[in-house]
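Observations on the model geometry
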Amino acid sequence: MSERPDRRPSPSAAKRAGWRRPASSPADTPPAGPTSAPQPAPAAAAAAPPNHHSVIDSAVYRDGRRVASPATLADTFRQLREEPDGMAWIGLHRPTEPELHSLAAEFNLHQLAVEDALEAHQRPKLERYGDTLFVVLRAARYLDAQEEVDFAELHIFVGPDFLITVRHGDAPDLSAVRRRMEANPDLLSLGPEAALYAILDAVVDGYAPVVEGVQTDIDEIETEVFRGDPAVSRRIYELSREMVEFQRATRPLVGMLHGLMAGFAKYGTDEELQRYLRDVADHVTHTSERVDGFRQALTDILTVNATLVSQQQNAEMRALAEAGFEQNEEIKKISAWAAILFAPTLVGTIYGMNFETMPELHWAGGYPFAILLMAMVCVSLYVIFKKRDWL
């Protein structure tokens, strides 16, 4: 983190303008003199768009109190030059390329960091470019109606006397962070690193409602699993994907905060601010552990659900097999009785034909013989089917 303003010599306006301003041509250089005031950088002033809608708030602070609220980026640059001990806090929402390039020219931002802030879709990270820190955070919020976790990207540039936030989403509410810090000028007077702490704290605090919402979803999913809800598998899969994203947002943040804490002594971070950052690190560690637990729990629930679905399918297949067996037994009985009844029907049908020269037609024992024949066939068929357990 950068040094506190009260622990380093306050740079003069001319020195700060030389640090930020790109090299100018000899024709643009004003005559040197002991009383000559620094001139605004023409390139930066020309690049800054007039009051673009992406500038959410821009302010200059001195000793933790707002002393100016410039309407444009160019006015912010000019006002900061007039405040040797001041600090600029600029909040942007999806800024344009000219806006970021004007900030890069004014504050000497590294081109790689500017490209990352323009393109977004970066992983959480902390990188140092000279006197400037570049921080990427992923804020999260829980949407109750959709039962989803919405992620937003936040890029932060932290320098010796400035802090620039670039949001690519609706979270977190940085206006509330700014109001909180303005209500505590003693903390804000510690410099841009104090504002960075407040933003980190807001992002981490925003994880708490997400954790509670996910915990509620997991409880509901467990109930649905044992209830046999067929749609629960899709819900488990979708929530598991969100937990992967949540892990990607929280796990790198643990290492980032430990990296900041490792530089406390080197960069002379205020002791009170050190305590605040350690508290944020503790919260991040706790949140990361909860997210890891959620993902493991969802994996276990998915395994249990697959087991229950398999058991249910086996039970249904067993029931179908039993039903098929019973149906087969009924078919065998029906077939057996049909065969038994077919024999006398066949004999009776033949003897019922109207022929005069039919064999045994005028025999006195013809009728008893036919009845006996039919009975013998039926009894024989019954005995055969009975031995085969068809009856």
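This text follows the structure it describes.
Residues numbered from 1 in each chain as written. Predicted model: local features only at pLDDT ≥ 70, side-chain atom pairs only at ≥ 80, totals over all residues. Heavy atoms only, no water.

1. Things to note about the overall build of the chain
Looking only at helices and strands, the chain features 12 helices and seven strands. Looking at the chain as a whole, 42% of its 391 residues qualify as buried. Pairs at least 24 apart in sequence give 66% of the contacts found in the chain among residues at least 6 apart. Counting every atom, the chain has about 21100 Å² of accessible surface; 56% of that belongs to carbon and sulfur. (Helix = DSSP H or I, 4+ residues; strand = E, 2+ residues; numbered from the N terminus. Buried < 20%, exposed > 50% of the residue type's maximum accessible area, 1.4 Å probe, protein only. Contact = heavy atoms within 4.5 Å. Areas by Shrake-Rupley, 256 points an atom, 1.4 Å probe, with all protein chains shown as cover.)

2. Regarding the sheet that holds strand β5 (residues 132–143)
Pairing in this open sheet of seven strands is mixed, and the strands run β2-β1-β3-β7-β6-β5-β4 from one edge to the other. At either margin of the open sheet sits one strand with a lone partner, and together these are β2 (65–68) and β4 (125–129). With direction set aside, neighbouring strand axes in the sheet form an average angle of 25 degrees. For strand β1 (residues 55–62) and β2, the ladder comprises three bridges, and the chain directions are antiparallel. Opposite Val60, over in β2, you have Ala68 as the bridge partner. Sheet strands touched by helix α5 (residues 111–119): β4, β5, β6 (148–158) and β7 (162–168). Its angle to β6, the strand with the most contacts, is close to 155 degrees. On top of the sheet, helix α9 (residues 232–262) reaches β4, β5 and β6; it is set at about 145 degrees to β5, its chief contact. (Pairing = 2+ DSSP bridges. Axes fitted to C-alpha atoms, helices over the stretch in contact; angles between N-to-C directions.)

3. A short note on the nonpolar core
Among the nonpolar cores identified, the biggest contains 62 residues, and Leu137 and Ile199 are the most heavily contacted of them. At 16 residues, helix α8 (residues 192–227) tops the list of elements feeding residues into this core. Those residues in contact with Leu137 that sit more than four places away from it in its chain are Ala152, Glu153, Leu154, Ile156, Ile199, Leu200, Val203, Leu253 and Met256. Residues Leu80, Leu100, Leu103 and Val166 belong to the second largest nonpolar core, which totals 23 residues. (Core = buried A, V, L, I, M, F, W, Y, C linked by side-chain atoms within 4.5 Å.)

4. Description of the packing of aromatic side chains
Across all of its chains, the model carries eight aromatic pairs by this definition. With a centroid separation of 5.6 Å and an interplanar angle of 85 degrees, the aromatic rings of Phe77 and Phe107 are classed as edge-to-face. Of the two residues, Phe77 sits in helix α3 (residues 73–81) while Phe107 sits in helix α4 (residues 97–107), which places them 30 residues apart along the sequence. Look at Phe107 and you get buried, because its relative accessible area is 1%. Judged by centre distance (6.0 Å) and plane angle (45 degrees), the rings of Trp337 and Tyr382 are tilted. In this pair, Trp337 is assigned in helix α11 (residues 271–351) and Tyr382 in helix α12 (residues 366–387), connecting sequence segments 45 residues apart. Since its relative accessible area comes to 34%, Tyr382 is described here as partly exposed. Through a chain of ring-to-ring contacts, three or more aromatic side chains come together here, namely Phe77, Phe107 and Phe162. The lysine or arginine in question, Arg178, covers the ring of Trp89, its NZ or CZ lying 4.6 Å from the ring centre. (Phe/Tyr/Trp six-rings, centres within 6.5 Å; stacked < 30°, edge-to-face > 60°. Lys NZ or Arg CZ within 6 Å of the ring centre and 35° of its normal.)

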